[in-house]
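# Coordinate analysis (summary)
Residues per chain, in single letters:
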Amino acid sequence: MWEIDSAEALKALASRLSAFVSERDIITLSGDLGAGKTTFAQGLLAALGVTDEATSPTYQIVHAYETPRRTVYHCDLYRLSPGDEEEIGFAEMCQTAAVLVEWPDIVAGALPHDRLDVRIEGEGTTRRVTLTGLGAWERKLARFRQIEAFLARCGWTGARCLGLRGDASARQFLRLARAGETVMLMDWPPKSDGPPIRGGRPYCAIAHLAREGTPFIAVSNWLRDRAGLSAPAVTASDTDAGLYLIEDLGDAVFGDLITEGEALEPLYALAADGLWAIHASGVPRSLPLPCGGVYEVPAFDREAMDVELDLLLQWYFRLEPTAADPVETARSFVAAWAPHLDWLENQPKTVALRDYHSPNLLICRERDGLKRLGVIDFQDAVWAHPAYDLVSLLQDARLDVPEAVERTLYARYCESASAADPAFDADAFARAYAILGAERNTKILGIFVRLSMRDGKHAYLRHLPRIRRYLWRNLAYPALGDLKAWYEAHLGTA
């Protein structure tokens, strides 16, 4: 039970629940007239992305709202009788959208089992809110209570959620506000590592994907303190629970800015300079931790690259089947890649952030110099060739980087490297860039199909033509002729 002392506190509680509302979900709101059901709905709807001020649908019965992520219906059934719900298509709403229901007792027999029941009681400004999770909401509500306890320990009780975002991983981010201050809650719940796929080990272990926040903290501290960039400081954490409060760097994400019309090249030039600053900082493989000890950055080893490349065979060919024998296809694929991976093993290494591209880069306009560059999503950092992050940036998986811009900024980075180190091997760097570009784009073809087929995130498929174009750019490098021949035989021509 939550003790609430104001309408704003009631809206804030509702807003924090927004992170758990799926695209098709039911939240029932019970209580006497004037208890605050519509107030609660207003807080929840605003956090879900409804920009209009929600009003009571008492006379209209149903208000429909469209947000970027979902349709939401707000129903007030006070004027209905049992059975009348068929006239408003209540069952169809529950099957296709998120639905908030005031006076749910009228349709008690039509309510889905999986739902959140909210009961609001009290008089004056004081309210008692009781939350009951049924079905899938029992687990979600348990996690919500865990988050509420964490926020209370950190002094953020009663904060309002201003919005949320997720990424392609299991993490979710909530922007919380109180008294003019904001912070991001990184919700990274512990999960199973998935089924074993090689030698009894799951994909995440082989590919060195982080399962908790220690690497995030270690890399963030280095980016801020030694490389001179802006990376979110972790101000509080509960690693066992998978909960972290991190600095809010704002919303000026490269991808959004470019979509809205801002020029791409100046932003990417700043990012290329930031990448060189990371490499020039002499970042070590053993990164210090704030409470003592070190975090050892895992190697982007042969096994990790092999399992990433295998995503093409395991997933992409489900979308674009090949007529070739699968056993021979796999054998020839491994053989075509082997000499290039062998060569790469003996090249220089540094920390690669791994997803250094438009969704994870921001402009912090109020800051100066390289601190204007904000960097997020680096918990999966590995010890790899310095060309890895450069190709991640200049062959951005989420938006088109013109080939002329890629060449210009590639040269900009190499000029910085040559000026700092006369022994910089430009030919070897170009070869590594082409190999890693081919490896990364091969992996992404598989991952984006997997996100669609396994996770229902079909929007990723729209990026596949771009990824294929990048792939062929890399395969055009003269030393990759044998590899190019394999792709031409199995994926067709560019």
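Quick note: structure is the one above.
The following paragraphs examine the structure supplied in this document. Everything numeric here is computed off the predicted structure, so don't read it as measured data. (Residues numbered from 1 in each chain as written. Predicted model: local features only at pLDDT ≥ 70, side-chain atom pairs only at ≥ 80, totals over all residues. Heavy atoms only, no water.)

### Details of the overall build of the protein chain
Helices and strands together make up the secondary structure of the protein chain, namely 15 helices and 20 strands. Over its C-alpha trace the protein chain gives a radius of gyration of 26 Å, about what one expects of a compact globule, namely 23 Å for 494 residues. Judged by the C-alpha coordinates and their principal axes, the protein chain covers about 75 × 55 × 45 Å. Among the 494 residues that make up the protein chain, the fraction classed as buried is 54%. Carbon and sulfur atoms make up 51% of the accessible area of the protein chain, which totals about 21400 Å². Charged side chains in the protein chain number 52 positive and 68 negative. The centres of these two groups are separated by 2 Å. (Helix = DSSP H or I, 4+ residues; strand = E, 2+ residues; numbered from the N terminus. Rg over C-alpha atoms; globule rule 2.2 N^0.38 Å. Buried < 20%, exposed > 50% of the residue type's maximum accessible area, 1.4 Å probe, protein only. Areas by Shrake-Rupley, 256 points an atom, 1.4 Å probe, with all protein chains shown as cover. Lys, Arg positive; Asp, Glu negative; His and termini not counted. Charge placed at Lys NZ, Arg CZ, Asp CG, Glu CD.)

### Topic: the side chain of Gln347
Relative to the assigned elements, Gln347 resides in the loop between helix 10 (326-345) and strand 17 (350-352). If we skip the residues at most four places from it in the chain, Gln347 touches His385 and Ala428. (Contact = heavy atoms within 4.5 Å.)

### Here we look at the nonpolar core
Residues Tyr268, Tyr356 and Tyr487 are the most contacted members of the largest nonpolar core, which totals 106 residues. If one sorts the elements of this core by residue count, helix 13 (residues 426-453) sits on top with 14 residues. Excluding residues within four positions of it along the chain, Tyr268 makes contact with Phe254, Ile258, Ser358, Leu393, Asp396, Leu399, Val401 and Leu409. One finds Ala35, Ala54, Leu176 and Val183 within the second-largest nonpolar core, a separate group that totals 46 residues. (Core = buried A, V, L, I, M, F, W, Y, C linked by side-chain atoms within 4.5 Å.)

### Quick look at the pattern of salt bridges
Enumeration according to the criterion identifies 30 salt bridges in this entry. A salt bridge links Arg354 to Glu308; the nearest nitrogen and oxygen atoms lie 3.0 Å apart. Taken together, the residues Arg354 in the loop between strand 17 and strand 18 (361-363) and Glu308 in helix 9 (residues 302-319) connect sequence positions 46 residues apart. You'll find Arg354 and Glu308 in the same group, each marked buried. (Salt bridge = Lys/Arg side-chain N within 4 Å of Asp/Glu carboxyl O.)

### Quick look at the sheet that holds strand 6 (residues 115-121)
The strand order 1-7-6-2-5-4-3 describes an open sheet built from seven strands, whose pairing is mixed. Both outer strands of the open sheet, strand 1 (2-4) and strand 3 (62-66), are each paired with one neighbouring strand and no more. In this sheet, adjacent strand axes meet at a mean angle of 20 degrees when their direction is disregarded. Relative to strand 5 (residues 98-102), strand 2 (residues 25-30) is paired through five bridges, and the arrangement is parallel. Within strand 5, the residue paired with Leu29 across the bridge is Glu102. Helix 4 (residues 136-153) contacts strand 1, strand 2, strand 6 and strand 7 (127-134) of the sheet and is inclined by roughly 135 degrees relative to strand 7. (Pairing = 2+ DSSP bridges. Axes fitted to C-alpha atoms, helices over the stretch in contact; angles between N-to-C directions.)

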